[in-house]
Amino acid sequence: MQPPHVPEIALRLADEAHDLWHRTEEELAEIGLPPPFWAFAWAGGQGLARYVLDHAETVSGKRVLDFASGSGLVAIAAMQAGAKEVVGADIDPFCEAAIRLNAEANKMAVSFTGTDLVGHDGGWNVVLAGDVFYEKPFADRLVPWFSALRQRGAEILVGDPGRAYLPKDRLEKLATYEVPVTRALEDAEVKRTTVWRFV
């Protein structure tokens, strides 16, 4: 299936969003596993993928990290836009299979790491991060890391549909999209999603 805002990318996604989300979230919590974030094309990722496809110069010929990659949507968009190489990073071990399958479906090659990269610098030219400012403790870890990467010259782009802990004072607006989403997950049918540059 194709995410509505980036129909040029094919993804294996959950089609029974509400039931799957609630059923798996409860069942996985019982055994200590995370919810299946990788099974959905979240608004921030869709907006960021759209921006990258429409502004290929952002990633063309560059080494790119898709942080909190989930399904690999943004990583695949970066490869389609001409990135030299893309690493999809996510601490959820199920993302490795999701990213591999989705990259193969789009005839793209995306590397994967399950390492928590916060605080690390792999020399990436561009870091793409969709829907990452949803919890305060996580946001508090990301801001200093993004700051350090930015200070040494990396471009940091964030796709966000208005999550609570977005550090707007550190961001420059690049584009805004109306992204169709699943009401069961996002409490709306369309989310206004902004792509920001971390400054």
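One structure accompanies this document, and this report is about it. (Residues numbered from 1 in each chain as written. Predicted model: local features only at pLDDT ≥ 70, side-chain atom pairs only at ≥ 80, totals over all residues. Heavy atoms only, no water.)

**With respect to the pattern of salt bridges**
Right, on to step 1. Taken as a whole, this structure holds 11 salt bridges when the rule is applied.
Right, on to step 2. The closest approach of N and O atoms between D131 and R163, which form a salt bridge, is 2.8 Å. Of this pair, D131 sits in the loop between β4 (126-130) and α5 (136-151) while R163 sits in the loop between β5 (155-160) and β6 (171-180), placing them 32 residues apart in sequence.
Right, on to step 3. The salt bridge partner of E178 is R192, with a shortest N-O separation of 2.9 Å. (Salt bridge = Lys/Arg side-chain N within 4 Å of Asp/Glu carboxyl O. Helix = DSSP H or I, 4+ residues; strand = E, 2+ residues; numbered from the N terminus.)

**Regarding the nonpolar core**
Right, on to step 1. Counting 35 residues, the largest nonpolar core has V59, V64, A78, V86, V110 and L128 as the members making the most contacts within it.
Right, on to step 2. Mapped by element, the contributors of at least two residues to this core are α2 (43-54), α3 (73-80), α4 (94-105), β4 and β6.
Right, on to step 3. With residues up to four places along the chain from it excluded, the contact list for V110 reads A75, I76, M79, V86, G88, I99 and A103.
Right, on to step 4. L65, F67, F138 and W145 belong to the second largest nonpolar core, which has 25 residues in total. (Core = buried A, V, L, I, M, F, W, Y, C linked by side-chain atoms within 4.5 Å. Buried < 20%, exposed > 50% of the residue type's maximum accessible area, 1.4 Å probe, protein only. Contact = heavy atoms within 4.5 Å.)

**Notes on the sheet that holds β5**
Right, on to step 1. Across the sheet, which stays open at both edges, the 7 strands sit in the order β3-β2-β1-β4-β5-β7-β6 with mixed pairing between neighbours. The sheet is open, and its two edges are formed by β3 (111-113) and β6, each paired on a single side. Taking each pair of neighbouring strands and ignoring which way they run, the sheet shows an average axis angle of 20°.
Right, on to step 2. Pairing of strand β1 (residues 63-67) with β4, which is carried by 4 bridges, proceeds in the parallel orientation. If you follow D66 over to β4, its bridge partner there is L128.
Right, on to step 3. Contacting β1, β4, β5 and β7 (190-198), α5 runs over the sheet at an angle of about 150° to β5. (Pairing = 2+ DSSP bridges. Axes fitted to C-alpha atoms, helices over the stretch in contact; angles between N-to-C directions.)

**Let's talk about the side chain of D90**
Right, on to step 1. Among the secondary structure elements, D90 is positioned in the loop between β2 (85-89) and α4.
Right, on to step 2. Of the side chains with opposite charge, R141 lies nearest to the buried D90, which makes no salt bridge, at 11 Å.
Right, on to step 3. There is a polar contact of 3.3 Å between the side chain of D90 and the backbone nitrogen of S69.
Right, on to step 4. Side-chain polar atoms of D90 contact the backbone nitrogen of D92, separated by 3.0 Å.
Right, on to step 5. If we ignore the near neighbours within four places in the chain, the residues touching D90 are A68, S69, G70, C95, F112, T113 and G114. (Lys, Arg positive; Asp, Glu negative; His and termini not counted. Polar contact = N/O pair within 3.5 Å; in protein donor to acceptor, adjacent residues only side chain to side chain.)

Everything listed here is a matter of geometry and, on its own, says nothing about what the molecule does.
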